Amino acid sequence: VPAYRQVITGAVTEAPRANEAYVASALENSRLVNIRIEEEGAVLLKNDAGTLPLKADGRKVNVYGILSAHHYVGGSGSGSTGAAGTDLKTALESVGYTVNPDLWKLFSESELKWDSGSTVGNKIAGQYELDLAKYEAVQSFADARAYSDVAIVTFGTNGGEGDDGDRGEINSLELGENEKALLERLDSEGFTVIALINSSYVMELGPVMDHADAILWIGGTGLYGTYGVADLLCGKANRSGEHTSEL
């Protein structure tokens, strides 16, 4: 056994290093493919009065929903990845939007963080969405509305190998109570509401259909797919995805 171990160790440690330029090129190509998959695979479920595309060019937007900062990159088990993806703020700013900094600070300082790219178990967003009081403690909805009449909010759920999407008392297909309250409040305050559905899992979207002006299903984004989402929102890209069925 020691002899074999020495041979195996030698083979591994003495293997030639990969060409760094080739690796960098491969990584960049994979990033671009990830973005294109998102752009071409997203599904526009609703678009009242031509809400989308939403012109960027420095346009201010409010971003709500904890999944906007800590979104689902992939599924669970073998469908997961150990890295967190690019957050929505970074992606939106890359195409010219300006994100409300007061609201975003709430996400960056929140204790409700998890590596959404890994197997998340029971850490379903509906259980972790912030209640309205926490949003208002940072900035009132009226002040946010004065900053911008646009509210981009992300909802989602997850399920797969090793995770059946158990929310305890909440049905895994439904929005949580905090998610519903947030959606209803944004609508009642007069925002133009754009809902992003960050899920590769089945979801019941009745409340979202009732209160959002536009709904874009973005699935699990991968590490860089949020850049594709931003391209879709501003009209730089045109989605071509379709669902095979609707319940």
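Residues numbered from 1 in each chain as written. Predicted model: local features only at pLDDT ≥ 70, side-chain atom pairs only at ≥ 80, totals over all residues. Heavy atoms only, no water.

Engineer: Would you mind showing me how to read the side chain of Glu39 here?
Structural biologist: Secondary-structure assignment places Glu39 in helix α2 (residues 20-41). No salt bridge is formed by the buried Glu39; the nearest opposite charge belongs to Arg36, separated by 6.3 Å. Once residues within four sequence positions are removed from consideration, Glu39 is found in contact with Gly228, Asp231, Leu232, Ala237, Asn238, Arg239 and Ser240. (Helix = DSSP H or I, 4+ residues; strand = E, 2+ residues; numbered from the N terminus. Buried < 20%, exposed > 50% of the residue type's maximum accessible area, 1.4 Å probe, protein only. Lys, Arg positive; Asp, Glu negative; His and termini not counted. Salt bridge = Lys/Arg side-chain N within 4 Å of Asp/Glu carboxyl O. Contact = heavy atoms within 4.5 Å.)

Engineer: What exactly am I supposed to notice about the environment of Asn198 here?
Structural biologist: Turning to its location among the elements, Asn198 is positioned in the loop between β5 (192-197) and α9 (206-211). When the C-alpha positions of Asn198 and Gly156 are compared, they lie 4.6 Å apart, and in sequence the two are 42 residues distant. A distance of 2.8 Å separates a polar atom in the side chain of Asn198 from the backbone oxygen of Gly219. (Polar contact = N/O pair within 3.5 Å; in protein donor to acceptor, adjacent residues only side chain to side chain.)

Engineer: Quick question: what am I supposed to make of the sheet that holds strand β6 (residues 214-217) here?
Structural biologist: Paired through backbone hydrogen bonds, the strands of a sheet run either parallel or antiparallel to each other. One open sheet holds the six strands; their spatial order is β1-β6-β5-β4-β2-β3, and the pairing between them is mixed. Of all strands in the sheet, those with a lone pairing partner are β1 (43-47) and β3 (98-99), marking the two edges. Direction of pairing for β5 relative to β6: parallel, over a ladder of four bridges. The residue bridging Ala195 from the neighbouring strand is Ile215, located in β6. Strand contacts of helix α8 (residues 177-188): β2 (60-64), β4 (150-155) and β5, with the helix running at about 165° to β4, the strand carrying the most contacts. (Pairing = 2+ DSSP bridges. Axes fitted to C-alpha atoms, helices over the stretch in contact; angles between N-to-C directions.)

Engineer: What is the right way to look at the nonpolar core in this model?
Structural biologist: A general tendency of soluble globular proteins is for nonpolar side chains to be buried together. Ranked by internal contacts, the top residues of the largest apolar core, which has 52 residues, are Tyr64, Leu92, Val208 and Leu233. The contacts of Leu233, once residues within four sequence positions are left out, are Leu52, Pro53, Leu54, Leu92, Tyr97, Ile152, Ile194, Leu196 and Leu216. (Core = buried A, V, L, I, M, F, W, Y, C linked by side-chain atoms within 4.5 Å.)

Engineer: It is not clear to me how the packing of α2 against helix α10 (residues 225-234) should be interpreted in this structure. Could you clarify?
Structural biologist: Each packed pair of helices is defined by two parameters, the angle between the axes and the distance between the axes. Relative orientation of the contacting elements α2 and α10 amounts to 45°, with a least axis distance of 7 Å. Classified by the interaxial angle, the pair formed by α2 and α10 is oblique. α10 is crossed by α2, and the crossing has right-handed handedness. Listed contacts from α10 to Arg31, Asn34, Ile35, Glu38 and Glu39 of α2 are Gly225, Tyr227, Gly228, Val229, Asp231 and Leu232. Residues of the contact of α2 with α10, tallied by class, amount to four nonpolar, three polar and four charged. (Parallel < 35°, antiparallel > 145°, perpendicular 65-115°, else oblique. Left-handed = near helix turned anticlockwise from the far one by under 90°. Nonpolar A, V, L, I, M, F, W, Y, C, P; charged D, E, K, R; others polar.)

Engineer: Would you explain the pattern of salt bridges in this entry?
Structural biologist: Side chains that carry opposite charge are capable of pairing whenever their charged atoms lie near each other. Within this structure, the stated rule accounts for eight salt bridges. The closest approach of N and O atoms between Glu40 and Arg36, which form a salt bridge, is 2.8 Å. Here Glu40 and its partner Arg36 are both found in helix α2, four residues apart, which amounts to about one turn of the helix. Here Asp149 and Arg59 are joined by a salt bridge, their closest N and O atoms 3.8 Å apart. Remark: Arg59 occurs in the loop between β1 and β2 and Asp149 occurs in the loop between α7 (141-147) and β4; sequence separation between them is 90 residues. Classification of Asp149 as partly exposed rests on a relative accessible area of 31%. One continuous salt-bridge network, built from bridges that share partners, spans Glu136, Arg185 and Glu189.

Engineer: Sorry if this is basic, but what is going on with unusual backbone geometry here?
Structural biologist: Note: most peptide bonds trans; most residues except glycine with negative phi. The linkage connecting Leu52 with the following residue, Pro53, adopts the cis geometry, with an omega of 0°. Topologically, Pro53 is positioned in the loop between β1 and β2. Of note, Ala49 is a non-glycine position whose phi angle comes to about 55°, a positive value. Residue position: Ala49 is located in the loop between β1 and β2. Classification of Ala49 by relative accessible area gives exposed; the value is 86%.

Engineer: I'm lost on the pairing of β4 in this one. Help?
Structural biologist: Consecutive residues of a regular strand have side chains that alternate between opposite faces of the sheet. Of all the six residues making up β4, six are buried; the element is thus mostly covered by neighbouring parts of the structure. The side-chain alternation of β4 yields two buried faces, one formed by Val150, Ile152 and Thr154 and the other by Ala151, Val153 and Phe155. One ladder, built from three bridges, connects β2 with β4; its direction is parallel. Paired with Val63 across the two strands is Ile152, which belongs to β4. Where β4 lies against β5, six bridges are found, and the strand directions are parallel. Note on β5: the bridge partner recorded for Thr154 is Leu196.

By themselves, these figures tell us nothing about what the structure is for.
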